Amino acid sequence: AQSVTQPDIHITVSEGASLELRCNYSYGATPYLFWYVQSPGQGLQLLLKYFSGDTLVQGIKGFEAEFKRSQSSFNLRKPSVHWSDAAEYFCAANNAGNMLTFGGGTRLMVKP
Amino acid sequence: GAVVSQHPSWVICKSGTSVKIECRSLDFQATTMFWYRQFPKQSLMLMATSNEGSKATYEQGVEKDKFLINHASLTLSTLTVTSAHPEDSSFYICSAREGLAGELAKNIQYFGAGTRLSVL
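I will try to describe carefully the structure that is included in this document.

Quick notes on the rules
- Residues numbered from 1 in each chain as written.
- Chains lettered and ligands numbered in written order.
- Predicted model: local features only at pLDDT ≥ 70, side-chain atom pairs only at ≥ 80, totals over all residues.
- Heavy atoms only, no water.
- Disulfide = S-S within 2.5 Å.
- Helix = DSSP H or I, 4+ residues; strand = E, 2+ residues; numbered from the N terminus.
- Buried < 20%, exposed > 50% of the residue type's maximum accessible area, 1.4 Å probe, protein only.
- Lys, Arg positive; Asp, Glu negative; His and termini not counted.
- Salt bridge = Lys/Arg side-chain N within 4 Å of Asp/Glu carboxyl O.
- Polar contact = N/O pair within 3.5 Å; in protein donor to acceptor, adjacent residues only side chain to side chain.
- Contact = heavy atoms within 4.5 Å.
- Buried area = accessible area lost by both parts, 1.4 Å probe.
- Nonpolar A, V, L, I, M, F, W, Y, C, P; charged D, E, K, R; others polar.
- Pairing = 2+ DSSP bridges.
- Axes fitted to C-alpha atoms, helices over the stretch in contact; angles between N-to-C directions.
- Phe/Tyr/Trp six-rings, centres within 6.5 Å; stacked < 30°, edge-to-face > 60°.

## So, the state of the cysteines
Residue and element names in this part refer to chain B. Tallied over the full model, the rule gives 2 disulfides over all chains. Across a sulfur-sulfur distance of 2.0 Å, Cys-23 and Cys-94 are joined as a disulfide pair. Judged by the sign of its S-S torsion, about 80 degrees, the cystine formed by Cys-23 and Cys-94 is right-handed. In this pair, Cys-23 sits in strand β3 (residues 19-25) while Cys-94 sits in strand β9 (residues 90-97), placing the two residues 71 residues apart along the sequence.

## Comments concerning the side chain of Arg-37 of chain B
All names here are of chain B. Locating Arg-37 in the fold gives a position in strand β4 (residues 32-38). No salt bridge is formed by the buried Arg-37, whose closest oppositely charged neighbour, Asp-88, lies at an N-O distance of 4.6 Å. Among the polar contacts listed, one links the side chain of Arg-37 to the backbone oxygen of Glu-87, at a separation of 2.7 Å. Setting aside chain neighbours within four positions, we find Arg-37 in contact with Ser-43, Leu-44, Met-45, Met-47, Phe-67, Glu-87, Asp-88, Ser-89, Ser-90, Phe-91 and Tyr-92.

## Let's talk about the interface of chain A and chain B
Listed by partner, the interface residues are 22 residues for chain A and 21 residues for chain B. Buried surface at the junction of chain A and chain B, summed over both partners, amounts to about 1700 Å²; 60% is from carbon and sulfur atoms. Viewed at the interface, chain B and chain A are joined by 0 salt bridges. Applying the counting criterion to the chain A and chain B interface returns 5 residue pairs in polar contact (both at pLDDT 80 or more). Looking at the side of chain A that touches chain B, the elements with two or more residues in it are β5 (32-38), β6 (44-50) and β10 (87-94) of chain A. A per-element tally of the side of chain A that touches chain B places β5 of chain A first, with 4 residues. Grouping the amino acids of the side of chain A that touches chain B by side-chain chemistry returns 11 nonpolar, 9 polar and 2 charged.

## Re the sheet that holds strand β8 (residues 76-81) of chain B
Strand pairs in the sheet, formed through backbone hydrogen bonds, run parallel or antiparallel to each other. All names here are of chain B. Reading across from one edge, β1-β3-β8-β7 is the order of the 4 strands in this open sheet, with antiparallel pairing throughout. Strands with a single pairing partner mark the edges of an open sheet, and in this sheet they are β1 (4-7) and β7 (67-73). In this sheet, neighbouring strand axes are inclined to one another by 15 degrees on average, regardless of whether the strands run parallel or antiparallel. Both β7 and β8 contribute to a ladder of 5 bridges, which runs antiparallel. From the neighbouring strand, Ser-73 faces β8, where its bridge partner is Leu-76.

## A word on the pairing of β9 of chain B
Residues and elements named next belong to chain B. With 8 of 8 residues buried, β9 is to be regarded as a mostly interior element. Relative to β9, β4 runs antiparallel, the two sharing 7 bridges. Residue pairing across strands places Tyr-36 opposite Ile-93, the latter belonging to β9. Where β9 and strand β11 (residues 115-119) come together, 3 bridges link them in antiparallel fashion.

## Section: the packing of aromatic side chains
Throughout the structure, instances matching the rule amount to 16 aromatic pairs over all chains. Plain terms: the ring middles of Phe-90 of chain A and Phe-102 of chain A are 6.2 Å apart, the flat faces sit at 90 degrees to each other, and that makes the pair edge-to-face. With a gap of 12 residues between them, Phe-90 of chain A in strand β10 and Phe-102 of chain A in strand β11 (residues 101-102) connect regions that are remote in the sequence. Each member of the pair, Phe-90 of chain A as well as Phe-102 of chain A, is classed as buried. Aromatic pair Phe-67 of chain B and Tyr-92 of chain B: ring centres 6.2 Å apart, planes at 45 degrees, arrangement tilted. Of this pair, Phe-67 of chain B sits in strand β7 while Tyr-92 of chain B sits in strand β9, and the two are 25 residues apart along the sequence. Under the relative-accessibility criterion, Phe-67 of chain B is labelled buried at 6%. An aromatic cluster is defined as three or more aromatic residues linked by ring pairs; in this entry it consists of Tyr-32, Phe-34, Tyr-36, Phe-51, Phe-90 and Phe-102 of chain A together with Phe-34, Tyr-36 and Phe-111 of chain B.

## Focus: the environment of Arg-116 of chain B
Residue and element names in this part refer to chain B. Looking at the element boundaries, Arg-116 is found in strand β11. A C-alpha to C-alpha distance of 9.9 Å links Arg-116 and Arg-37, two positions 79 residues apart in sequence. Excluding residues that lie within four positions of it along the chain, Arg-116 makes contacts with Ser-9, Trp-10, Val-11, Ser-90 and Phe-91.

Below, the structure written as structure tokens:
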């Protein structure tokens, strides 16, 4: 069965520190991969996506993600976290436009 | 980026009444729209997928007579929770995609801000 796993339910980092949120997928073929961010009581905003090509993708708000086929991973990174980055982050995947499969989400808290 | 508007953002209703939630794509034509339900501190659960002009495809365990979905135009889909009960209280989120399955360049779902439904 297709699945997306985010191993970390909660992560706390200090403001200014670097961030890495983990995402692993299990699909028959390499899926298309996405990272979304959700602020409390809000919908989801697309941070970045990977379809093919360069395995390091740049997104909005200073985020980037690296696709690693050998590890079935698509980890999200940011060099320096800001307090406004505190939110829930979802990794998602699909095949050729079919339904998205979401990970369980990682809640990011930022310490001042 | 593409904008999806969802309305209302919050609704409180009495048990037994019906509630309609609207999802609009403001600057693109949404061939496909999706409806999700999200419980507190949990991920999104896909309820149904609708293509414009077709009947919605419901996920297993979702009552189609309870959650009526209409996708009558390329910019509007509605979810009606019929005879709502307290257990239907949840956060409902819609998303819209410009293309059909297989259209890679349009394979991005844009999400509305969600609707919090509270049934008393």
